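Spelled out, the chains give:
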Amino acid sequence: MMKFKLKIKHKIQFFILLTTLVIYVLAVGYISIKSKRMAFNDAIKISDNYVKGAANEVQVYLEKYLTTVKDLGNTFKVYEDINEENRREVISNIMIQTLKANPDYLAVWSTWEPLAMDNLDHLYKNKKGSSVIGNFGHLYYKDNGVIKFDESIESNAVSVYSGDYYQLPKTTRKEVVLDPYYYSYTKNTTDEIHETSIIVPIINNNQFLGVVGADIQLSQFQEIINNVKPFENSIAFLMANNGTYVANPNPEWIGKTVEEVFPEEASDHEVMEHITAGEFLSYTIPGLSGDMYYVVYAPIEIGNTGTPWSIGIAVPIDQVMSKARRNFRISILVGIIGLLILSLVIYSISNSITKPILLITNFLKKLSEGHIGKEMKIDLKTGDEIEEMGNALNTSIHGLMTKTEFAQDIGEGNYDKSIELLSDKDVLGKSLIDMRDKLKKAREEETIRKREDEKRTWVNEGLALFGDVLRQNHENLEELAFNVVLNLINYLKANQGGLFLKNDEDKDNIFFELLATYAFDRRKYNTKTIELGEGLVGMCAMEKETVYMTEIPDDYIRITSGLGGANPNSLLIVPLKIEEEVLGVLEIASFNTFEDHEIEFVEKIAQNIASTLSNVKISEHTSELLEKTQQQAEEMAAQEEEMRQNMEELQATQEEAARKTAEMEGFINALNSTSYVAEYDLNGKIMFVNDAYLNLFGITKEEAVGKHHSDNIDFTDEQKAHYQEFWSDLKNGIVKKEKTQVSIKGNTYLFMESYTPIYNEEGDIYKILKIANDISEYIEK
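Description of the structure in this document. All of these numbers come straight from a predicted model, not from anything done at the bench.

Some remarks on the overall build of the protein
Here's step 1: Counting its regular elements, the protein contains 21 helices and 29 strands.
Here's step 2: Classification of the 781 residues of the protein by burial places 41% in the buried group.
Here's step 3: Considering only residue pairs separated by 6 or more positions, the protein has 56% of its internal contacts joining residues 24 or more positions apart.
Here's step 4: Surface summary for the protein: the accessible area is close to 44100 Å², and the carbon and sulfur share equals 51%.

Focus: helix 2 (residues 87-101)
Here's step 1: Between its first and last C-alpha atoms helix 2 spans 21 Å; for 15 residues at 1.5 Å apiece the expected length is 21 Å, and the two agree.
Here's step 2: Of all the positions in helix 2, only Arg87, Arg88, Ile91, Ser92, Ile94, Met95, Ile96, Thr98 and Leu99 are classed as buried.

Remarks on a nonpolar patch on the surface
Here's step 1: There is a patch of nonpolar side chains on the surface, built from Phe14, Leu18, Val22 and Leu26 and spanning about 370 Å² of accessible area.
Here's step 2: Within the element layout of this structure, Leu26 appears in helix 1 (residues 8-76).

Thoughts on the sheet that holds strand 12 (residues 281-286)
Here's step 1: Pairing is antiparallel in the open sheet, where five strands are placed in the order 11-10-14-13-12. The open sheet has two edge strands with one neighbour each: strand 11 (245-247) and strand 12. When strand polarity is set aside, the average angle formed by the axes of neighbouring strands in this sheet is 30°.
Here's step 2: Looking at chain direction, strand 13 (residues 292-300) and strand 14 (residues 309-316) are connected through eight bridges and run antiparallel. Among the inter-strand pairings, Pro299 is bridged to a residue of strand 14, identified as Ser310.

Brief notes about the pairing of strand 25 (residues 686-689)
Here's step 1: Across three bridges, the pairing between strand 24 (residues 676-680) and strand 25 is antiparallel. From the neighbouring strand, Ala678 faces strand 25, where its bridge partner is Val689.
Here's step 2: Taken together, strand 24 and the strand that follows it, strand 25, pair antiparallel across an intervening segment of five residues, in which Gly684 is found at a positive phi of about 85°.

Side note on the nonpolar core
Here's step 1: Membership of the largest hydrophobic core comes to 54 residues, with the highest contact counts inside it found for Phe76, Phe221, Leu238, Trp309 and Ile311.
Here's step 2: The element contributing the most residues to this core is helix 1, with 12 residues.
Here's step 3: Leaving out residues up to four positions away in the same chain, Ile311 has contacts with Val51, Ala54, Ala55, Val58, Ile225, Phe237, Leu238, Val296, Tyr297, Ala298 and Ile300.
Here's step 4: Grouped together as the second largest cluster of nonpolar side chains are 39 residues, Val459, Leu499, Leu572 and Ile599 included.

A few points about a negative patch on the surface
Here's step 1: Negative charge collects at one region of the surface, where Glu543, Glu545, Glu579, Glu580, Glu581, Glu595, Asp596, Glu600 and Glu603 lie side by side.
Here's step 2: A per-element tally of the negative patch places helix 15 (residues 596-651) first, with three residues.
Here's step 3: Along the polypeptide, Glu595 turns up in the loop between strand 23 (581-590) and helix 15.

With respect to the pairing of strand 16 (residues 511-519)
Here's step 1: For strand 16, the tally of buried residues reaches eight of nine residues, placing the bulk of the element in the interior.
Here's step 2: Where strand 15 (residues 496-503) meets strand 16, eight bridges bridge the pair, whose relative direction is antiparallel. Across the sheet, Gly497 pairs through a bridge with Tyr518, a residue of strand 16.
Here's step 3: Alignment of strand 16 against strand 18 (residues 529-531), held across three bridges, turns out to be antiparallel. Within the sheet, the bridge partner assigned to Phe512 lies in strand 18 and is Ile530.

Points about the sheet that holds strand 28 (residues 747-759)
Here's step 1: Pairing is antiparallel in the open sheet, where six strands are placed in the order 25-24-29-28-27-26. The open sheet has two edge strands, strand 25 and strand 26 (713-714), and neither has a second partner.
Here's step 2: Summarising the sheet, strand 28 and strand 29 (residues 765-774) pair through nine bridges and their orientation is antiparallel. Residue pairing across strands places Glu753 opposite Ala772, the latter belonging to strand 29.

A word on the side chain of Asn102
Here's step 1: When you line up the elements, Asn102 lands in the loop between helix 2 and strand 1 (105-112).
Here's step 2: Overall, Asn102 belongs to the buried group, its relative accessible area being 17%.
Here's step 3: In contact with Asn102, not counting residues within four places along its chain, are Thr68 and Lys142.

Examining the environment of Ile771
Here's step 1: Tracing the chain through its elements places Ile771 in strand 29.
Here's step 2: Between the C-alpha atom of Ile771 and that of Ala678, which follows or precedes it by 93 residues, the distance is 6.8 Å.
Here's step 3: When near neighbours in sequence (up to four residues on either side) are disregarded, Ile771 contacts Leu671, Ser675, Tyr676, Met752, Glu753 and Ser754.

Overview of the packing of aromatic side chains
Here's step 1: A complete count under the given rule lists 29 aromatic pairs for this structure.
Here's step 2: When the ring of Tyr723 is compared with that of Phe726, the centres are 6.4 Å apart and the planes differ by 25°; the resulting orientation is stacked. On the criterion of helical spacing, the pair formed by Tyr723 and Phe726 is a turn pair, its members being three residues apart in helix 20 (residues 723-731). With respect to class, Tyr723 is no different from Phe726; both count as buried.
Here's step 3: Ring-pair connections join several aromatic residues into one group, and the members of that group are Phe237, Tyr245, Trp253, Phe262, Tyr283 and Tyr297.
Here's step 4: The ring of Phe280 has Lys52 sitting right over it, with the charged end atom 5.2 Å from the ring centre.

Observations concerning the pattern of salt bridges
Here's step 1: Counted under the stated rule, the structure contains 12 salt bridges.
Here's step 2: Taking the shortest distance from any N to any O, the salt bridge between Arg449 and Glu446 comes out at 2.1 Å. Taken together, the residues Arg449 and Glu446, both in helix 12 (residues 427-470) and three residues apart, mark about one turn of the helix.
Here's step 3: A relative accessible area of 29% means that Arg449 is categorised as partly exposed.
Here's step 4: The network of salt bridges with common partners includes Glu63, Asp468 and Arg471.

Digging into unusual backbone geometry
Here's step 1: With a phi close to 60°, Arg173 is a non-glycine residue in the positive phi region.
Here's step 2: Here Arg173 shows up in the loop between helix 4 (164-172) and strand 6 (176-177).
Here's step 3: Overall, the relative accessible area of 37% leaves Arg173 in the partly exposed class.
Here's step 4: In this structure, Lys544 is a non-glycine residue whose phi angle is positive, near 60°.
Here's step 5: Within the secondary structure, Lys544 sits in the loop between helix 14 (535-543) and strand 19 (547-549).

So, how was this worked out
- Residues numbered from 1 in each chain as written.
- Predicted model: local features only at pLDDT ≥ 70, side-chain atom pairs only at ≥ 80, totals over all residues.
- Heavy atoms only, no water.
- Helix = DSSP H or I, 4+ residues; strand = E, 2+ residues; numbered from the N terminus.
- Buried < 20%, exposed > 50% of the residue type's maximum accessible area, 1.4 Å probe, protein only.
- Contact = heavy atoms within 4.5 Å.
- Areas by Shrake-Rupley, 256 points an atom, 1.4 Å probe, with all protein chains shown as cover.
- Expected span 1.5 Å × (residues − 1).
- Patch = residues over 30% accessible without salt bridge, like charges linked within 9 Å, V, L, I, M, F, W, Y side chains within 5 Å.
- Salt bridge = Lys/Arg side-chain N within 4 Å of Asp/Glu carboxyl O.
- Pairing = 2+ DSSP bridges.
- Axes fitted to C-alpha atoms, helices over the stretch in contact; angles between N-to-C directions.
- Core = buried A, V, L, I, M, F, W, Y, C linked by side-chain atoms within 4.5 Å.
- Lys, Arg positive; Asp, Glu negative; His and termini not counted.
- Charge placed at Lys NZ, Arg CZ, Asp CG, Glu CD.
- Phe/Tyr/Trp six-rings, centres within 6.5 Å; stacked < 30°, edge-to-face > 60°.
- Lys NZ or Arg CZ within 6 Å of the ring centre and 35° of its normal.

Encoded structure:
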């Protein structure tokens, strides 16, 4: 074997460069591999957490829609308390009001079993000629903001039993969310809307009576999906239980199933099996462009339907790893520059050395073998360049030892270590310091990111928890309020709390009453009322803003337990408001201070609590109205029976004309006692007005007679445009119904009015009869 002999300058160049290169390659290689692996694992965790958070957000929307439909179904269960002749009208009005109160709804509808609601169902003929009893079905939908009635639903009632929307809830006795479909309420294919239906069975005493449902437009979820972007160029999509794309950045795929768009991917990874079963799924696949993607699906459970949806995210792996690759290239470039500089320095020094340095040969051999130790120190007193060389070698060895220890400390994660540079030109030292600073910054950023992820997870879990709490106890307001306070105190790890509910039964005396309190794992029964603007709670309700205090007066509140009592360190008071109306106030006291994300969480769920409390109060008020309606119907029935007996007694002694006259007078008296009646001439001026009208407005008959129909009426734009047509129709004998708002003497009333033309003996119309009912109270509630 040929043996090469090198000069000293060549040896210096070779061994020093080789050692530096090995250290550099090992350090950069280790850090690069470690950083890439950490970046990829962090990307997977972020994607998984992000898709779960997005799933919770979509679930909140769907659960809100389902809860509203279930509340509507529960309301219909008391149909027997309504007079049979008025049931269909009352139920239709409830459906219309529900459609108005929910802007996201396209339509609200209900279908009942034959003769389940009343005995007014019609008879139809099937193809064989036999009679078939049809069922009652109404559908109200929105057309450019106007609520319309679909008459084809009732006329086709005999065929509803074969539809999934009816058979599924009837068979399973559970709520149903239909697979997405396209439908046009105008029966025009160009107006078809991509939607789904949320259906709830109406079951009373274990008897299936029918179904009630709401149609939801699916395009609203596209905005939510567009905001789901954990990484640049990532793609999010929403899928129904049957694999249909509900929302997708590519509009051509909406309405198609995953098996139609990606048949191989769906088959290889059993996508449909996981979506149908509501299971979490993740895998990596090549995209359409050939790049690798990480794909993750998270289930979205919708009530008790058993047909969960899924939300997915596809993250480009190259995009996630681009930062790690960029840092690696920068490290390579910095190392190459350092090696070049070091080569030039060594080359310059080696050229100035012409004689072998015999005294330090052994040390250089050890150094060339990679050995560094404290014993490698040269003590020369030559006073020339050899001494300087020895001193320089000592310095170099000490510097390498220091850098090696520094690199080892960094490798063990000790980023607080420091190193003293040999000089301003110490490239390796600066590189190591720069590497330490970058790793330290990366660890700090990772800590911050994990802390933010923990907060986000805490908020999402809290939203899901209170979503379940708010779906329970809909029929008991106090129990609902107690469960809200109980779970909120426990979730915030607070010590005491209360929920105040607005009492506006007396419009002149509005106050807030303590509905539920909880402290130290005990339910407390306190009675307390607070006026608007009174104390911190009243001030919070009046200003409609959150109050957070850490310096609390000693006499304001005291947290007590079996071991004693103490003042809290923090107090959080949050208004429960819908839009700008405050329905109640939450008050929470704790020995701990509340963090910002906890306050934001309470403010966020306060909106959901307010919405649920509002729905429960509306349900209770609806039940009260139904009871009043039943009582009025019974009184009317008693009056009708008494009238019938009187008429039978008069029938024997009076002629037919007198009987009809008495019957009409009784009808008019009953009408005057229950409604507001007025008569107009054909020019629209008041001829007669009953006492009920006069007492309501607080005016005399002389002040009313002669007034024009349009006086004091707040017309809508549509009523103004069709006012002349309104009177023209009346003069032509057409009966009209209007909802009219009247302002008089500073008061505003809302009436549901019926206008009927009255004919004289010659068959000519000579006056207009108006029968009105005041519905202001119901609209306000």
